[in-house]
Each structure stands twice: as structure tokens, then as C-alpha cells.
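Working through the structure, step by step
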Amino acid sequence: MEDKYISAAVINRLPRYYRYLGDMITQGIERVSSYELSERMRVTASQIRQDFNNFGGFGQQGYGYNVKYLHDEIGKILGLNVKHNLIIIGAGNIGKAIANYQGFESRGFHFRCFFDCNPDLCNTKAVGLDVHPMEELPEYLRNNKIDIAVLTVPRAAAQKTAEIVIENGVKGIWNFAHYDLKVPADVKVQNVHLSDSIMRLSYELKNTHN
């Protein structure tokens with residue numbers, strides 16, 4: 001299965017499956033059919049079955065899916081069965097909002113600290129995490145196993161910041177800067193352009209015909 005190509009569209013749907021299944025566990029639901037899941041998620045039952053078949057299927061025909069088992073297996077596919085250590089570079093509003101969101105910790109994403117270039121913030125705490133000066137970043141990365149660097153820095157600083165974390169062993173970057181980073185092939189980046197989402201919503205509103 002390791003060699004099988006999985007489309008980006010399928011991978012993009014996995015976190016949504018995981019979230020809905022987690023909600024169902026909270027509600028005490030033990031089994032679900034692809035049809036019932038499709039009703040909740042507004043994804044066709046055939047699409048759900050096709051998606052799951054990429055990873056072995058998970059269910060029995062006519063019997064549906066065990067919700068807890070399916071949730072756990074999708075979590076493993078997403079790498080959520082291991083802890084990920086993260087740092088946030090940029091202790092502004094976006095960085096603090098990310099660190100303050102409780103849902104990350106329960107999914108294995110552990111925020112270790114902030115880094116910032118503002119001397120008024122350095123050597124203080126933000127949402128309970130230490131804020132270190134940027135000049136300490138390379139040494140910190142060399143001495144600590146960090147899986148993901150979260151970039152909430154200005155656009156002009158994004159590429160240089162990414163190069164520093166990559167040079168010091170970080171292989172995952174969650175980028176909130178308005179800049180598409182240039183990175184080596186073995187470094188994985190997820191770009192989050194907040195304005196893109198609201199512009200898509202604007203387009204949909206503009207093109208809605210009553």
C-alpha cells in the first residue's frame with residue numbers, strides 16, 4: 001500500500017472524516033454506514049467508499065463501519081498516533097490564537113515555545129509559552145527535536161525564516177505568511193492564505209442566483 005498513489009483530493013478529505021467521526025464518538029455512536037456518513041458530511045456514499053478503499057476499506061458490506069476503529073485508523077494515516085513538537089515563529093495575534101486553540105494538544109500537536117524579533121516580547125510569556133529571541137532559534141533547533149515550525153511572520157521575513165529552520169533540521173512548515181516558500185523536496189509545507197478563503201466566499205456570494 002506504501003507505493004499506491006493517493007490523490008490530493010482524498011488526502012484533503014481525511015481530516016474532515018476524522019473530525020466528523022470524533023464528533024460521533026462523543027455522541028456515543030458505535031457504527032455508521034457510508035450512507036449515514038454521507039448524510040452528515042454532504043459527500044456521496046460512493047465517494048466515501050472509494051476514499052476508504054484507498055486504504056483497505058475498513059468496513060464490512062452490509063455491516064458498516066466501527067466508528068472508533070475507523071477514527072483511529074484515519075488518525076494513524078494522518079500521523080496523529082505520534083506526538084509532534086512545534087514552535088511558533090511570530091508571537092503576534094495569529095500565533096497566539098494558534099497556540100491557544102485547545103484542539104491541537106488532543107491531536108498530538110505540542111507547542112513548545114514562541115520565537116519573535118520584538119524585544120518587548122522576548123523573554124516573556126504568551127498564552128503560557130516562553131517567547132525566545134530570534135537569535136536563539138538555530139541553537140534551540142539543534143538541541144530540541146522540532147517536527148513543525150509555524151510561521152506567522154511578515155511576508156518579507158518568510159523565506160529567510162524558513163531557510164533557518166530547514167538548515168537546522170525542521171522538515172515541516174505550517175506557513176501563515178502571505179508568501180509561497182521555496183523549499184527542498186524533502187521539506188513539507190502547508191500554506192495557509194487566510195484571504196483566499198474569504199475571497200472564495202465572496203465569489204460564491206457574487207455568483208449566487210436567487
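Structure: above.
Okay, so let's go over this structure. (Residues numbered from 1 in each chain as written. Predicted model: local features only at pLDDT ≥ 70, side-chain atom pairs only at ≥ 80, totals over all residues. Heavy atoms only, no water.)

Attention now goes to the overall build of the protein chain. Helix and strand counts for the protein chain stand at 9 helices and 9 strands. Taken along its principal axes, the extent of the C-alpha atoms in the protein chain is 60 × 45 × 35 Å. Buried positions account for 41% of the 210 residues belonging to the protein chain. Restricting the contact set of the protein chain to residue pairs at least 6 apart, pairs at least 24 apart contribute 54%. Total accessible area on the protein chain stands at roughly 12900 Å², and carbon and sulfur atoms take up 51% of it. Computed over 24 positive and 23 negative side-chain charges, the inter-centroid distance for the protein chain is 5 Å. (Helix = DSSP H or I, 4+ residues; strand = E, 2+ residues; numbered from the N terminus. Buried < 20%, exposed > 50% of the residue type's maximum accessible area, 1.4 Å probe, protein only. Contact = heavy atoms within 4.5 Å. Areas by Shrake-Rupley, 256 points an atom, 1.4 Å probe, with all protein chains shown as cover. Lys, Arg positive; Asp, Glu negative; His and termini not counted. Charge placed at Lys NZ, Arg CZ, Asp CG, Glu CD.)

Our next topic: the pairing of strand β4 (residues 109-116). Of all 8 residues in β4, 6 are buried; the element is thus mostly enclosed. Of the pairings in the sheet, the one linking strand β3 (residues 84-89) to β4 comprises 6 bridges and is parallel in character. Following the sheet pairing, I87 is matched in β4 by C113. In this sheet, strand β6 (residues 129-133) lies alongside β4 in parallel orientation, the contact comprising 3 bridges. (Pairing = 2+ DSSP bridges.)

What follows is about the sheet that holds strand β8 (residues 172-175). Sheets are built from strands that pair by backbone hydrogen bonding, the pairs being arranged parallel or antiparallel. Pairing is mixed across the open sheet formed by 7 strands, whose spatial order is β5-β6-β4-β3-β7-β8-β9. Only two strands of the sheet have a single neighbouring strand rather than two, namely β5 (125-126) and β9 (188-191). Its contacts with the sheet place helix α5 (residues 93-100) against β3, β4, β5, β6, β7 (148-151) and β8, and it is angled at close to 160° to β4. (Axes fitted to C-alpha atoms, helices over the stretch in contact; angles between N-to-C directions.)

We now examine the environment of R13. Relative to the assigned elements, R13 resides in helix α1 (residues 8-26). The spacing of R13 and D51 is 38 residues in sequence and 8.5 Å in space, taken between C-alpha atoms.

Since one α-helical turn is 3.6 residues long, residues separated by three or four positions face the same way. Residues of α5 that are buried: G95, I98 and A99. Taken end-on, α5 shows its buried residues confined to a sector of 95°, consistent with a single buried face. Here the buried face of α5 lies against β3, α6 (103-106), β4, β6, β7 and β8. (Arc of directions from axis to C-beta.)

Counting residues in each nonpolar core, the largest one holds 36 residues, and the members touching the most others are Y17, L37, F52, I74, F111, F114 and V150. Ranked by residue count, the leading element in this core is α1, at 7 residues. Setting aside residues up to four positions removed in sequence, I74 forms contacts with L14, Y17, Y18, L21 and F52. (Core = buried A, V, L, I, M, F, W, Y, C linked by side-chain atoms within 4.5 Å.)

Once that is clear, we can look at the environment of N118. With respect to the element layout, N118 can be found in the loop between β4 and β5. The class of N118 is partly exposed, set by a relative accessible area of 30%. Between the C-alpha atom of N118 and that of Y203, which follows or precedes it by 85 residues, the distance is 37 Å.

A few words on the pattern of salt bridges. Counted under the stated rule, the structure contains 6 salt bridges. With its nearest N and O atoms 2.6 Å apart, the salt bridge here joins D130 to K125. On the basis of relative accessible area, K125 is assigned to the exposed category, the value being 57%. With its nearest N and O atoms 2.4 Å apart, the salt bridge here joins D147 to K145. (Salt bridge = Lys/Arg side-chain N within 4 Å of Asp/Glu carboxyl O.)

Enumeration over the complete set of coordinates arrives at 9 aromatic pairs. Taking 5.7 Å as the distance between ring centres and 70° as the angle between the ring planes, the aromatic pair formed by F104 and F111 counts as edge-to-face. Each member of the pair, F104 as well as F111, carries the same accessibility label: buried. Relative to F176, the ring of W174 lies with its centre 4.8 Å away and its plane at 65°, an arrangement referred to as edge-to-face. The exposure class of W174 is partly exposed, given its relative accessible area of 23%. Three or more aromatic residues joined by ring pairs make a cluster, and in this case those are Y101, F104, F109, F111, W174 and F176. (Phe/Tyr/Trp six-rings, centres within 6.5 Å; stacked < 30°, edge-to-face > 60°.)

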